Amino acid sequence: MPDEREGTLVEAAASLFLAVVLFAAVRVLSLFGAPFTLFASAPLAVLCIRRGETVFLGAAAVGAVLAGLFMGGPTAGAFLLSVAFPAILISRGLAFRWRPEKVVGIAAGVITVCALVALEAMLPGGIRPWVGELVTQNIAAYKAAGAPKDMVAMIEGQADAYARFMFRIMPMAFMWSAMALTVAGLLATRAYFARRPHAAVVLSPLDRWHLPDNWVWVLITAGVLALVPVGTVQVVGGNVLGVMALAYAFQGWAVLAHQFEARRVHQAVRIAVYLILLLWPVFVLLLVAVGVFDVWTDVRRVRGGGAPPTENPDGPPPSGPSPD
């Protein structure tokens, strides 16, 4: 027993250290650290499945304290919201075999609402003046970088319009960030258990995943609302349209991954394609189109019983340490 407890403590400490380091990467490395921060929830998700929720909760609490001590008080809440919360959802989703959109949707929705409410409460004057200040800072950065005076003058003349636009799409922007955060953590956790199988985790192939087909009507309705020339309706429609478009981009990625696998495309070609999608996000629109048309084309033949199970018939995840 002492050896088992010692092993649990060592694994918890290692998982916590990795999660905190990844979480802090965006603060230390700025934009270059953002890709690392996306995976901060994975170590704690793995810990939760391997050692149980009690150990996970203890590690999450210690992580929040460390984040608050070294990066400021509000960062403790950010750690719990953006790292610990997705981690528990990912672990339970894998153990209960929840569909990926359920895990990602719950995490992204809760993170977005909590973040917007917290910003509105904590920022002097709320979110709108803060967005205006961000636009002003960006214009100043363009000036400092030596941008042409005509361009700077044009941007300054449209500053209010830019700030208004950024304020309106802020829910979508937060949803995109939270979705990316959860998807990255889920993929990393799945990759770990693909290499080190665990009795509580049964993985279904993601290249056969698809959204429920009736969700396409949400996308279509949002597109119609985004065209309605009524302020609030247009804003709601635009935000929902953006969120659904990203969801269908993930479905398009699944179709693309399936085609790569079916045709045994070389790994170097796959990596090159994925890098193009990351470096030139405009190509993501192609993934959205592929994901939407997959509803009718079903090129992977995944419908009609081909979807993965939605619940775990074997019961809940383990609540204590489990063997490797």
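Calculation notes
- Residues numbered from 1 in each chain as written.
- Predicted model: local features only at pLDDT ≥ 70, side-chain atom pairs only at ≥ 80, totals over all residues.
- Heavy atoms only, no water.
- Helix = DSSP H or I, 4+ residues; strand = E, 2+ residues; numbered from the N terminus.
- Rg over C-alpha atoms; globule rule 2.2 N^0.38 Å.
- Contact = heavy atoms within 4.5 Å.
- Areas by Shrake-Rupley, 256 points an atom, 1.4 Å probe, with all protein chains shown as cover.
- Lys, Arg positive; Asp, Glu negative; His and termini not counted.
- Charge placed at Lys NZ, Arg CZ, Asp CG, Glu CD.
- Phe/Tyr/Trp six-rings, centres within 6.5 Å; stacked < 30°, edge-to-face > 60°.
- Lys NZ or Arg CZ within 6 Å of the ring centre and 35° of its normal.
- Axes fitted to C-alpha atoms, helices over the stretch in contact; angles between N-to-C directions.
- Parallel < 35°, antiparallel > 145°, perpendicular 65-115°, else oblique.
- Left-handed = near helix turned anticlockwise from the far one by under 90°.
- Salt bridge = Lys/Arg side-chain N within 4 Å of Asp/Glu carboxyl O.
- Buried < 20%, exposed > 50% of the residue type's maximum accessible area, 1.4 Å probe, protein only.
- Polar contact = N/O pair within 3.5 Å; in protein donor to acceptor, adjacent residues only side chain to side chain.
- Core = buried A, V, L, I, M, F, W, Y, C linked by side-chain atoms within 4.5 Å.

Undergrad: I would appreciate a short explanation of the overall build of the chain in the present structure.
TA: The secondary structure content of the chain amounts to 14 helices and zero strands. From first element to last, N terminus to C terminus, the chain shows the α and β order α-α-α-α-α-α-α-α-α-α-α-α-α-α. Taken against the 2.2 N^0.38 rule, which gives 20 Å for 324 residues, the C-alpha radius of gyration of the chain at 22 Å falls within 12% of a compact globule. With respect to the three principal axes, the spread of C-alpha positions in the chain is 70 × 55 × 40 Å. Partitioning the intrachain contacts of the chain with sequence separation of at least 6 by distance along the chain shows that 75% fall at a separation of at least 24. Roughly 18000 Å² of accessible area belongs to the chain as shown, and the carbon and sulfur atoms make up 71% of that amount. One way to put it: in the chain the 23 positive side-chain charges average out to a point 5 Å from where the 19 negative ones average out.

Undergrad: What exactly am I supposed to notice about the packing of aromatic side chains here?
TA: Two aromatic rings are characterised by how far apart their centres lie and by the angle between their planes. For the structure shown, the criterion picks out four aromatic pairs. Look at Phe96 and Trp98: their rings are 6.0 Å apart centre to centre, the planes differ by 15 degrees, and that puts the pair in the stacked class. Between Tyr192 and Phe193, the ring centres sit 5.1 Å apart and the planes meet at 90 degrees, which makes this aromatic pair edge-to-face. One residue, Lys102, lies across the ring of Trp98, its end atom 4.3 Å from the ring centre. Looking at Arg128, its charged tip hangs above the ring of Phe167, at a distance of 4.1 Å from the centre.

Undergrad: Would you take a moment to explain the packing of helix 10 (residues 170-195) against helix 12 (residues 231-262) for this structure?
TA: One way to put it is that helix 10 packs onto helix 12 with a least axis distance of 8 Å and a crossing angle of 20 degrees. Here helix 12 runs roughly parallel to helix 10, going by the angle between their axes. Both helix 10 and helix 12 take part in a crossing whose hand is right-handed. Two secondary-structure elements touch here, helix 10 through Met170, Pro171, Met172, Met175, Trp176, Met179 and Val183 and helix 12 through Gly238, Asn239, Gly242, Val243, Leu246, Ala247 and Phe250.

Undergrad: Just to check I follow, could you spell out the pattern of salt bridges for this structure?
TA: Any two side chains of opposite charge can pair if their charged atoms end up close together. Summed over all chains, the structure comprises ten salt bridges. Between Asp294 and Arg300 there is a salt bridge whose closest N-O contact spans 2.9 Å. In this structure, Asp294 and Arg300 share a single accessibility class: buried. Linking Arg303 and Asp294 is a salt bridge whose minimum nitrogen-to-oxygen distance equals 3.2 Å. The exposure class assigned to Arg303 is buried, which follows from its relative accessible area of 18%. Salt bridges linked by common partners bring Asp213, Asp294, Asp298, Arg300 and Arg303 together as one network.

Undergrad: Looking at this structure, I do not really get the side chain of Glu101. What am I missing?
TA: Topologically, Glu101 is positioned in helix 6 (residues 100-122). Judged by relative accessible area, Glu101 falls into the buried class, the value being 12%. Within the structure, the side chain of Glu101 is placed 2.7 Å from the side chain of Trp209, a separation counted as a polar contact. Residues within four places of Glu101 in sequence aside, it is in contact with Trp209, His210, Leu211, Pro212 and Trp215.

Undergrad: What am I meant to see in the side chain of Arg270 here?
TA: Along the chain, the position of Arg270 falls in helix 13 (residues 267-279). Only 2.9 Å separates the side chain of Arg270 from the backbone oxygen of Val265, close enough to count as a polar contact. Residue contacts for Arg270: discarding those within four places in its chain leaves Phe260, Glu261, Arg264 and Val265.

Undergrad: What's the story with the nonpolar core in this structure? I'm lost.
TA: For soluble globular proteins, nonpolar side chains are generally found buried alongside one another. By size, the foremost hydrophobic cluster in this structure holds 36 residues, and its most contacted members are Phe23, Leu44, Phe56, Phe79 and Val83. Contributing elements (two or more residues each) for this core: helix 1 (2-29), helix 3 (41-51), helix 4 (53-71), helix 5 (73-96), helix 6 and helix 10. It is helix 5 that provides the largest number of residues to this core, a total of nine residues. What Val83 contacts, discounting residues up to four positions off in sequence, is Ala19, Phe23, Ala40, Ser41, Leu44 and Ala78.

Remember, this is a structural readout, not a statement about activity or role.
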